[in-house]
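Results of the structural survey
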Amino acid sequence: MNYGFFDEKNREYVITNPNTPAPWANYLGSPEYGAIISHNAGGYSFVKSGANGRILRYVFNQEDKPGRYIYLRDDETSDYWSASWQPVGKSLETYKSECHHGTAYTNIKADYSGIHSEALYYVPLNKTYEVWRLKVTNTSDRPRNLSVFGYAEFTNENNYENDQVNLQYTLFITRTYFKGNKILQTINENCHKGCNGSNRKERFLGLVGSEVASYNGDKASFLGRYRSYGNPIAVEKGACDNVLNYNSNGCGALQTKITLAPGETKEMAFVLGQYNDEESAAILSSYENLSKVDQELEELKAYWHGKLSNLYVQTPSSEFNNMINTWNAYQCFITFIWSRAASFIYCGLRNGYGYRDTVQDIQGIIHLDPEMAKEKIIFMLSAQVDNGGGLPLVKFDHNAGHEDTPDDPSYAQATGHPAYRADDALWLFPTILKYIGESGDKDFINEVIPYANKDEGTVYDHLKRAINFSMERLGAHHMPAGLHADWNDCLRLGKKGESSFVALQLYYAMSVLRDFASDLNDTDYIAYLDEVQKVLGDTIQENCWEDDRFIRGFKEDGEVIGSKKDPEASMWLNPQSWSVISGLATKEQAEKALESVYRELNTKYGARVMAPSYKDHAFDGALALLFNGSTKENGGIFSQPQGWIILAEALMGHGNRAFEYFMESSPAAQNDNADVRILEPYVHGQFTESVESPFEGRSHVHWLTGTASTVMVGCVEGILGLRPDLDGIKLEPAIPSDWKTFTMDKVFRGKKLHITVNNPSGAEGGYKACYLNGDKLDSNYIFAAALKDENEIILEM
Ligand code: IFM
């Protein structure tokens, strides 16, 4: 069953049945002013921090409430409903709703009792407040007298935990005022005269475009005793009782009354933010002419659609097109910008950026906005310790050159991360390679950037130190130690245990750095890399290849993890995909390893991260045991590695398999299976429950996940075969054999490429000929120097 559809042209997902299996969310604004909204208007807002800057209350792990509620009431019949289906929740027999989630805006349309409403929610570009614009149209044939109520439930304090549980304090620090067209809430309002002035906060909910008829600043007065958001007493009665809170929960509730002739439309806007009386008055008066809302909406669309249009594909698969052109791409920007800041799962407590997650997130947007990526790459390089390792958590107030490291007890105390992880800095290699390839900014390699704790070095030096970090922490088999974790947070291999995944990443990193070294003509270093890469390659081959698979590594006592003989966890996904991505596996090994994945790990919802799940045969470092079988790292279908298996299959020219993995795990492909998948059909989650779960196919942890970037890379570099490198771009699609033709419009280094791929003979990989602006090329590689401003490229498969 589905609950909506993709509107490809408008880059929207449209929810036509609001009774979805979970709140399906959208992101408005940015972490400077962040607003998360569900299709039923549930959600919260914050300034700078979801945990410490929370201004709208939302109760986690509940039924999606409260939210940004707009109630409508027929003042003749006393019947009332909400502009979003919830919270009033009228029967869907009579109440029709369409929620349009778009790029940084959400427009909820409803039809009930001859009244059409459209509630548009957004945060204007570069602004730190939000707008709820309501348009109401009388679609009946008689004049209508309506009340409209806007309701925002302010937190009593910016810290969300205090707001929820520290009531002996937070109830007594807030009060509200009515100021003509707004409710103004103050917190610690006397603090400008004493105590800590910075505690003082003011928030407002204001109304423009219509007169306020009544108001409430007190939540209990608005809702009434033993009532809830679905039946507030104020709405039921048809008026707020003008009570303001003092030592009780605050809110902003404003009522206005409108009369509509048949066919007539009226509009108004509620505006909400954390600003004082004067500032909020200025903001509100700037909306006196409500046409500003349409302008701001157009600005938002132009901003986001502009970025997204740097790659536009038209393939025979609407699932693929919807994800690559809009939703996966938009999710990549959201994870890039928001990191793991806030969602309906993440409350905002994490006080920094995870190193690996952030460096991975960057990869998802490089093909769309390399400049934006560069800034973050520099930031992450400045969070690399001078020993070459990454800081596991980079604090939001990171002070490059002056940070403590995991070697200092104070770092663990401040961040909760007691030790280095083996993989963090190794993610820099694919990310920097992609950035330089996409942008052509070869000089970047010579840019000088500080280390996290002391000293500075060029990007090249940073990368060399990252290699050293691994080389200085090798185990008994001469492979990198797994340390506190490798990519898998649930594998704690320590200083002696070894990780084949990190070994493969290191092998790959050496190849990337070799290219940079040869561009810089650094012959000594090339010789060094050749030598150590050979030793590393040999040791992986000797110790990790077992018949039809690469093992996962070694425990501290030297025992193998992921051997075919193991009763549990005998097959692991990542070493197989990375054996191909890294370039280490021979063709024969690659074919066998990928076949083993398909045979032993694949399910109808994608490939499991390992199997069988741990139950009775785990070891101390196998923290996956904490989870139920078929869940998360314990044999679940971890979503991030789906991107790597797609890429690996594509690199082998297995277009059918690559696309099969794409379809199995793609949210869009599950649109008609929403009751099983549960999560939004337009965003990737962190994982999907696999075969041992009674809820096989159910996905979890929406939006903020590294999956967005790995799947994007798997699709763009793998299936579409767009592979920029230092001097140009290689085109090597690996597609389903029934794709006869498709096109890609790509902006590459400021030049426009219109690429047509023709596949008359039903190939799934390889190419026969490539033409640039009518000239046949020697290969499928296009030198950037050969490009004009606009280019017609044809690839014959
Ligand atoms: O790689 C990690 C990531 O950093 C956080 N989520 C889980 C992944 C796998 O353990």
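For every chain, the first residue of the written sequence is number 1, and numbering continues from 1 along that sequence. Predicted model: local features are reported for residues with pLDDT of at least 70 only, side-chain atom pairs are reported and counted for 80 or more only, and whole-chain, interface and lining totals are derived from all residues. Values shown for side chains rest on all heavy atoms present in the structure; no hydrogens or waters enter the calculation.

Quick notes on the UniProt feature "domain: Glycosyl hydrolase 94 catalytic" (unreviewed entry) in the chain
- Within this numbering scheme, the UniProt entry marks residues 303–721 as carrying the feature "domain: Glycosyl hydrolase 94 catalytic" (unreviewed entry).
- In this description a helix means any DSSP run of H or I spanning at least four residues, a strand means any run of E spanning at least two, and both kinds are numbered starting from the N terminus. Overall, residues 303–721 shows 44% helix and 12% strand. The separation of its end C-alpha atoms is 27 Å. UniProt positions are given in the numbering used here, feature names are shortened, and annotations may be inferred rather than shown by experiment.

Quick notes on empty space enclosed by the protein
- Of the grid points, spaced at 1 Å and generated over the protein atoms alone, those admitting a 1.4 Å probe that cannot get out make up cavities, while open sets with protein on both sides within 12 Å along at least five of seven lines make up pockets; any residue with an atom within 4 Å of a point is treated as lining. Grid points are joined across faces, edges and corners, and a volume is the space filled by probe spheres set on the points. Counted by the stated rule, this structure contains four cavities of 30 Å³ or more.
- In this model, the largest cavity occupies a volume close to 120 Å³.
- Tyr-605, Ser-665, Arg-677, Thr-688 and Ser-699 are the residues nearest the centre of the largest cavity, which is lined by 15 residues in total.
- For the lining of the largest cavity, the elements supplying multiple residues, two or more each, are helix H18 (655–665), strand S35 (685–688) and helix H20 (707–719).

Description of the packing of aromatic side chains
- Pairing of aromatic side chains here covers Phe, Tyr and the six-membered ring of Trp, requires ring centres within 6.5 Å, and sorts the geometry by plane angle: under 30 degrees stacked, over 60 edge-to-face, intermediate tilted. Within the structure shown, the criterion is met by 58 aromatic pairs.
- Here Tyr-44 and Phe-46 contribute two aromatic rings whose centre-to-centre distance is 6.4 Å and whose plane-to-plane angle is 40°, an arrangement assigned as tilted. Here the two residues Tyr-44 and Phe-46 agree in accessibility, since each one is buried.
- With a centroid separation of 5.1 Å and 85° between ring planes, the pair formed by Tyr-303 and Trp-304 is classed as edge-to-face.
- Partly exposed residues are those whose accessible area sits between 20% and 50% of the maximum for their type, while under 20% is buried and over 50% is exposed, using a 1.4 Å probe and protein chains only. Residue classification places Trp-304 among the buried residues on the basis of a relative accessible area of 6%.
- Here the basic side chain of Lys-292 rests over the ring of Tyr-287, its NZ or CZ set 4.3 Å away from the ring centre. Placement of a charge over a ring requires the Lys NZ or Arg CZ to be within 6 Å of the ring centre, with the centre-to-atom vector within 35 degrees of the ring normal.

Quick notes on the pattern of salt bridges
- In what follows, salt bridge is the name for a side-chain nitrogen of Lys or Arg lying within 4 Å of a carboxyl oxygen of Asp or Glu. Taken as a whole and judged by the stated rule, the model has 51 salt bridges.
- Its salt-bridge partner being Glu-63, residue Lys-65 comes within 3.9 Å of it at the nearest N-O pair.
- With its nearest N and O atoms 3.3 Å apart, the salt bridge here joins Arg-657 to Glu-595. Here Glu-595 lies in helix H16 (residues 587–600) and Arg-657 lies in helix H18, a separation of 62 residues in the sequence.
- Arg-657 sits in the buried class, given a relative accessible area of 18%.
- Where salt bridges share partners, they join Asp-547, Asp-548, Arg-549, Lys-564, Arg-599 and Glu-600 into one cluster.

Re the site of the ligand
- For each residue, the test is whether any non-hydrogen atom lies within 4 Å of the molecule or strand; if one does, the residue is near. Taken together, Arg-356, Asp-357, Trp-487, Asn-488, Asp-489, Glu-633, Phe-638 and Gln-686 make up all the residues around the ligand.
- Contacts to the ligand include Arg-356, whose side-chain N or O atom sits 2.7 Å from an oxygen atom.
- By the criterion applied in these results, polar contacts are pairs of N or O atoms within 3.5 Å in which, for protein atoms, one can donate a hydrogen and the other can accept it, and in which residues neighboring in sequence qualify only through two side-chain atoms. A distance of 2.9 Å is found between an oxygen atom of the ligand and a backbone nitrogen or oxygen belonging to Asp-489.
- Coverage of the ligand by the protein amounts to 89% of the 280 Å² it exposes when considered alone.
- Classifying every residue of the shell around the ligand by side-chain character gives two nonpolar, two polar and four charged. Surface exposure here means Shrake-Rupley accessible area, sampled with a 1.4 Å probe, where a residue is shielded only by the protein chains that are shown. Here the term charged refers only to Asp, Glu, Lys and Arg, the term nonpolar to Ala, Val, Leu, Ile, Met, Phe, Trp, Tyr, Cys and Pro, and the term polar to all other amino acids, Gly among them.

What to know about the pairing of strand S5 (residues 43–47)
- Most of S5 sits inside the fold, with four of its five residues counted as buried.
- Bridge analysis of strand S4 (residues 33–38) against S5 gives five bridges, and the strand direction is antiparallel. Within the sheet, the bridge partner assigned to Ile-37 lies in S5 and is Gly-43. By this definition, two strands are paired if DSSP reports at least two bridges between them.

A short note on the sheet that holds strand S34 (residues 637–638)
- In spatial order, the strands read S34-S35-S36; together these three strands make up an open sheet with antiparallel pairing. Each end of this open sheet is capped by a strand with a single partner; those strands are S34 and strand S36 (699–702).
- Looking at chain direction, S34 and S35 are connected through two bridges and run antiparallel. The residue of S35 that forms the bridge with Phe-638 is Phe-687.

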